[in-house]
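# Observations on chain architecture
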Amino acid sequence: MRHFFFIFFVIFFNVTWSQSNAALEIVYPITGITTYSQDLSQEIVIQSSSPLTSITVNGSPATLRFDNGYSVSLFFTESGIKNLAVVAIDENGISSELNSTFDFQYDAQAPIISAGQPSAVSNSQSVILSASVTDSSPVRLSVYRNSTIVYSEDSGSLNQSFQLQEGNNIFKIVALDRAGNQSRSTGDLWDCRQELEL
């Protein structure tokens, strides 16, 4: 019986001693990829390999998310490389730390669209639309014909041929940058009428 208790004590002691720190991972923002924001705040999202009793990022407490991750919004005064210091304590009282950096860029300006007139406006099966966009961050250009999207690409310029439908073909262009700023052509900038022979 004495041997039994001794073996049990050794096994219990080894299991307790082998407990390890929680593995932490910053899933957003992604290291090495520039993050653009319309304001001077940025959400930080962290995943942990085990449940935590507390977690802070740069001293600010993070809260539990719906996906069992943790998040906190940090506020900055300007663009640039930002340091992240994560400190977490798991349910066993074991502390874990993680340090990282990311490139934060503040962008509150909407893209500026410079659009040309169509190269053909009537008695044609297609029309060529051209435009260029000026912005401090990458831009996605989309073209709508009569409220239906007919083109969408990550590009700062446009020189594309579009098929015309019978009747009015009202084209509008929308530019959306990485920070979420959006601008669009005003009015019926490209109002093309196709007269088809029936």
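Residues numbered from 1 in each chain as written. Predicted model: local features only at pLDDT ≥ 70, side-chain atom pairs only at ≥ 80, totals over all residues. Heavy atoms only, no water.

In this section: the sheet that holds strand β11 (residues 126-134). In spatial order, the strands read β10-β11-β14; together these 3 strands make up an open sheet with antiparallel pairing. Looking at strand neighbours, the two that pair on one side only are β10 (112-115) and β14 (157-163), the edges of this open sheet. For this sheet the average axis-to-axis angle between neighbouring strands, irrespective of direction, equals 25°. Pairing analysis gives 7 bridges linking β11 to β14, with the strands arranged antiparallel. (Pairing = 2+ DSSP bridges. Helix = DSSP H or I, 4+ residues; strand = E, 2+ residues; numbered from the N terminus. Axes fitted to C-alpha atoms, helices over the stretch in contact; angles between N-to-C directions.)

Under the defined criterion, the tally for this structure stands at 3 salt bridges. Two residues, Arg-65 and Glu-43, come together in a salt bridge whose shortest N-O distance is 3.6 Å. Taken together, the positions of Arg-65 in the loop between β6 (63-64) and β7 (70-75) and Glu-43 in strand β3 (residues 41-48) put the pair 22 residues apart, joining distant regions of the chain. Ionic pairing is found between Arg-65 and Asp-67, a salt bridge with its closest N-O pair at 3.1 Å. (Salt bridge = Lys/Arg side-chain N within 4 Å of Asp/Glu carboxyl O.)

Once that is clear, we can look at the sheet that holds β7. Backbone-to-backbone hydrogen bonds join strands into a sheet, with any given pair of strands oriented parallel or antiparallel. In spatial order, the strands read β1-β3-β7-β6; together these 4 strands make up an open sheet with antiparallel pairing. Strand pairing shows two members of the sheet lacking a second neighbour, β1 (24-28) and β6, which therefore form its edges. Inspection of the sheet shows β3 paired to β7 by 6 bridges, in the antiparallel sense. Each residue of the ladder has a partner; that of Glu-43, found in β7, is Ser-73.

Here we take up the packing of aromatic side chains. For any pair of aromatic rings, the description rests on two quantities: the centre-to-centre distance and the angle between the ring planes. A complete count under the given rule lists 5 aromatic pairs for this structure. Ring plane angle 50° and centroid distance 5.0 Å describe the contact between Phe-76 and Phe-104, whose orientation is recorded as tilted. With Phe-76 in the loop between β7 and β8 (80-90) and Phe-104 in strand β9 (residues 95-106), this residue pair connects regions lying 28 residues apart in the sequence. Per residue, the accessibility class of Phe-76 equals that of Phe-104, and both read buried. Summarising the aromatic geometry, the rings of Tyr-151 and Phe-162 are spaced 6.1 Å apart at their centres and angled 85° between planes, so their arrangement reads as edge-to-face. A residue pair is termed long-range when its members are at least 10 positions apart, and Tyr-151 in strand β13 (residues 148-154) and Phe-162 in strand β14 qualify at 11 residues. Tyr-151 sits in the buried class, given a relative accessible area of 14%. Overall, Phe-162 belongs to the buried group, its relative accessible area being 5%. Through a chain of ring-to-ring contacts, the aromatic side chains of Phe-76, Phe-102 and Phe-104 assemble into a single cluster. (Phe/Tyr/Trp six-rings, centres within 6.5 Å; stacked < 30°, edge-to-face > 60°. Buried < 20%, exposed > 50% of the residue type's maximum accessible area, 1.4 Å probe, protein only.)

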